[in-house]
Each structure stands twice: as structure tokens, then as C-alpha cells.
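Residue-level structural notes
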Amino acid sequence: MFPKLFITSFFLPLLVLLLLIFIVLFVIIPLAFKFSTEIQRNLVFPTWYVQPKNYSNIHKYQLKGVRNLYVKVNEQKNITLGVLQILPSELLSEFVKNDEYDYDSILKNPRYNVLLYFHGNGQDRLEAIGTFRVLRKFFYVISFDYRGYADSSMAELTENGVVEDSVALFKYLRNLTKSRIFFWGHSIGTGVALHTAASLKSQNLIPTGVMLEAPFTSVTDVMKENPLVKMYSWLPWFSYTMIDPMVENGFDFNSQEYILNVDCPVMIIHAKDDEIIPYQIATKLYNIAKANRNSTYQGDVTYHLLEAIGYGHEWISEEPALPDYISEFIEKAVQFETNITSKRLLNQTIV
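Along every chain, residues carry numbers that run from 1 in the direction the sequence is written. Per-residue local features are limited, in this predicted model, to residues with pLDDT of at least 70; the limit for side-chain atom pairs, both in listing and counting, is 80 or more; totals at the level of whole chains, interfaces and linings are taken over all residues. Hydrogens are left out, water is left out, and the side-chain values use all remaining heavy atoms of the structure.

Glancing now at helix H5 (residues 159-176). Over its 18 residues, H5 extends 26 Å from the first C-alpha to the last, a length consistent with the 26 Å expected when each residue adds 1.5 Å. Of the positions making up H5, those classed as buried are Glu-159, Gly-161, Val-162, Val-163, Asp-165, Ser-166, Val-167, Ala-168, Leu-169, Phe-170 and Leu-173. Numbering of helices and strands runs from the N terminus, with a helix taken as a DSSP run of H or I at least four residues long and a strand as a DSSP run of E at least two residues long. By definition here, a helix of n residues has an expected span of 1.5 Å times n minus one. With a 1.4 Å probe rolled over the protein chains alone, any residue whose accessible area is under 20% of its type maximum counts as buried; one over 50% counts as exposed, and the rest are partly exposed.

Next up, the structure:
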């Protein structure tokens with residue numbers, strides 16, 4: 001009599017509790033994820049994480065040769081992006097005040113290569129100061145905030161929407177300068193950069209080169225490697241509730257597809273101790289690109305995998321060899337562009 005009473009009074013409530021926990025963790029949470037576009041959006045675009053800054057007062061951040069401005073990229077939807085113009089470092093000795101320099105005339109000077117910088121999903125246009133110190137040795141850097149970030153216009157954040165704005169910004173720059181334009185993307189910015197370059201190709205607009213810092217094959221591939229998401233991977237409804245919705249709702253950034261449709265040289269750089277995007281994913285992207293791109297017409301793909309010495313996901317700019325990697329890549333990209341242009345002119349002459 002006592003054992004039955006004990007089982008009824010103790011184990012039965014425990015089993016009910018465990019069943020409820022299971023239902024909440026492995027049924028309700030996956031279903032909530034599937035049917036909440038906002039949860040998915042905030043996973044890819046955590047704008048709430050970005051601390052607002054006073055972009056109109058660049059002096060506060062002790063930056064020299066930097067100007068803040070706003071560019072309207074969509075008249076119909078009234079979308080304006082916050083933009084930083086970051087001059088090449090060789091011009092800094094000429095400065096007295098940031099606002100008293102003719103930034104536009106330098107942008108029009110074909111002597112200086114231009115770089116469009118695509119930031120990570122938890123950053124803003126002013127975040128990567130360490131990286132800018134390296135990049136401005138080689139480029140006139142244009143850093144911008146995606147829609148919904150910082151003080152750029154509020155608009156629905158989707159992959160296609162962000163890329164639509166980036167394409168418009170590239171066209172804006174192309175109309176202002178005859179300089180070569182390069183792309184640099186970091187983290188989610190690598191997906192934006194590749195998708196932008198692939199979209200521009202259909203309009204016969206091609207950047208000279210694309211550089212990818214901590215890239216990935218797709219957002220869903222990164223999700224599958226996340227320890228929290230792996231907890232759900234054994235579920236029969238895992239893909240249905242957690243992977244498929246990301247693709248269907250436009251949050252996947254399928255870089256392994258876009259990189260095959262980018263007709264310029266690409267450089268990948270990743271750190272082995274990156275815990276946000278495992279380096280194996282970048283290696284997979286590189287292998288896909290090498291196996292499926294035509295280097296004769298699309299340019300080569302270069303991969304620099306850095307040893308685990310504390311760079312993680314954010315500090316690749318500290319790599320001493322990074323300036324050499326960039327310099328070598330610029331030389332190869334310019335040479336490729338020159339050769340391709342010569343071939344096109346030759347074909348036109350023959351025809």
C-alpha cells in the first residue's frame with residue numbers, strides 16, 4: 001500500500017512536470033520561433049544591441065579625416081542611410097578640422113581606391129575603428145549603417161531590403177567617382193557584400209575586389225553550429241520549425257551561392273579561435289568557391305586562416321600581416337580587372 005501511495009504522490013507529479021518542461025522546451029519554443037518573424041529578424045539583425053552614438057560630433061571620438069553625412073537611397077520608401085567618409089591616412093597631415101576639408105574632391109580623385117565597408121550585425125558604422133586604421137592606409141573608406149541601424153531610416157529589415165539599399169549606395173558612389181571600388185564585409189556584412197556584388201553583376205556593375213572578414217556559407221549553417229540550436233537538432237521537426245523559416249522569410253544570406261556569381265577576385269580571412277562563426281564554415285565557403293568559380297573570368301579566391309592567438313571574431317585587424325594581405329590582394333585584383341577590360345575591348349574590336 002505504501003509503495004503505491006509513494007509512487008502516486010511523488011513520481012506521477014514529477015513525470016507531469018518533466019512532460020511540461022519537454023513540451024515548453026521542444027515544442028512550444030520551436031513553434032514560437034517558426035511563427036515569429038520578429039524573433040528571426042532579431043536573431044539576424046539585433047539592432048537593440050547597437051548603442052546609439054553622436055555621429056554629428058566625430059571630434060568626440062578623436063577621429064581625424066572623417067565626415068558624417070546622410071545619403072537617400074530610396075526616394076519612394078524615403079530611406080536614408082547614415083554614412084561616414086574616412087579619408088586615406090596619407091592625407092591626415094593636412095587636417096585642421098574635419099568639417100573644413102573638401103572630401104568630395106578627394107572622392108573624385110581616381111588616385112585613391114574606394115572601399116565600401118559592410119559592418120557586422122551587432123555593430124554600427126563607427127564600430128570598427130581598429131579595422132579602419134588599417135583599411136585607410138589603402139582606401140578612401142565609406143562606412144554606412146543598414147536601414148534600421150543607428151540613425152539610418154527605420155524600415156523593414158530583411159536580406160533583400162538591406163541589399164537593395166547597398167546596391168543603391170554603390171550606384172551613388174559610382175556616379176561620384178571613377179576610382180576603383182572594393183568591398184569589405186565583416187560577419188553578417190560578408191553576406192550583405194556578396195549578395196550586393198551578385199546583384200550588381202546583373203546590371204553590369206562590378207566591384208574591383210571583395211574582401212570577407214569572418215564569412216559564412218549561410219546563416220542557417222552558422223545556426224546549426226550554435227550550441228543552443230544544436231540542442232534542438234535531434235528533433236524530427238527541427239528543420240521545419242527553426243531552419244526552413246529563416247530561408248522562407250529572407251534571413252539566410254546564402255553566401256555559398258552568391259560567391260559563385262561574383263565576377264571579381266575574393267579574399268577570405270578568418271581566425272581559428274572565432275567562436276561566433278567557426279572557421280570550418282569559412283573553409284567550406286572557400287572550398288565551394290574554388291571548386292565552382294571560373295578563375296579566368298571571375299578571378300581567384302584567396303584564403304588566410306589565422307592561428308588561434310586571440311583574434312576571435314572581432315580583432316583580425318590586429319594581425320601584423322593584414323596590411324600585406326590587403327596590398328597583395330589589391331595588386332592582384334587591379335591586374336585581373338585590367339586584363340578582363342583588355343579582353344573585352346579586344347573582343348569588341350574583333351566583332
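Now that the structure has been shown, we can carry on.
This part takes up the environment of Pro-215. Structurally, Pro-215 can be placed in the loop between strand S6 (209-213) and helix H7 (219-225). Considered as a pair, Pro-215 and Leu-322 are 107 residues apart in the sequence and their alpha carbons are 16 Å apart. Residues contacting Pro-215, with those up to four places away along its chain left out, are Thr-190, Ile-268, Ile-269, His-270, Ile-277, Ala-282 and Leu-285. Here, residues are in contact when the closest pair of their heavy atoms is within 4.5 Å.

Attention now moves to unusual backbone geometry. At Asn-78, a position not held by glycine, the phi torsion is positive, near 55°. With respect to the secondary-structure elements, Asn-78 resides in the loop between strand S1 (66-74) and strand S2 (79-86). One non-glycine residue, Ala-214, lies in positive phi territory at about 60°.

Structurally, the position occupied by Leu-92 is in the loop between S2 and helix H3 (103-107). Separated by 80 residues in sequence, Leu-92 and Tyr-172 place their C-alpha atoms 25 Å apart. Not counting residues within four places of it along the chain, the set of residues in contact with Leu-92 comprises Lys-64, Gly-65 and Arg-136.

Moving on, we get to the packing of H5 against helix H6 (residues 188-201). Helix-helix packing is described using two parameters, namely the angle between the two axes and the distance between the axes. Remark: H5 packs on H6, axes separated minimally by 9 Å, with the N-to-C direction vectors making an angle of 65°. In the crossing of H5 with H6, the sense of the turn from one axis to the other is right-handed. In this structure, H5 contributes Glu-159, Asn-160, Val-162, Val-163, Ser-166, Val-167 and Phe-170 to the contact, and H6 contributes Val-192, His-195, Thr-196, Ser-199 and Leu-200. Residues are grouped as follows: Ala, Val, Leu, Ile, Met, Phe, Trp, Tyr, Cys and Pro are nonpolar; Asp, Glu, Lys and Arg are charged; every other residue, Gly included, is polar. For the contact of H5 with H6, a count of residues per class yields six nonpolar, five polar and one charged. Structural elements are reduced to axes, namely lines fitted to C-alpha atoms, with helices fitted over the stretch in contact, and the angle between N-to-C directions of any two is expressed from 0 to 180 degrees. Two helices cross in a left-handed way if the nearer one is turned anticlockwise from the farther one by less than a right angle. They cross in a right-handed way if the turn is clockwise.

What follows is about the sheet that holds S6. Strand pairing is defined by DSSP finding a minimum of two bridges between the two strands. Across the sheet, which stays open at both edges, the eight strands sit in the order S1-S2-S4-S3-S5-S6-S7-S8 with mixed pairing between neighbours. Each edge of the sheet is formed by a strand with only one pairing partner; in this case those strands are S1 and strand S8 (301-306). Sheet twist, expressed as the average angle between the axes of neighbouring strands with direction ignored, equals 20°. Where S1 and S2 come together, eight bridges link them in antiparallel fashion. Counterpart to Asn-68 in the pairing with S2 is Leu-84. On the sheet, H6 packs against strand S3 (114-118), strand S5 (181-186) and S6 and is oriented at approximately 145° with respect to S5.

Any functional reading would require information that these geometric values do not contain.
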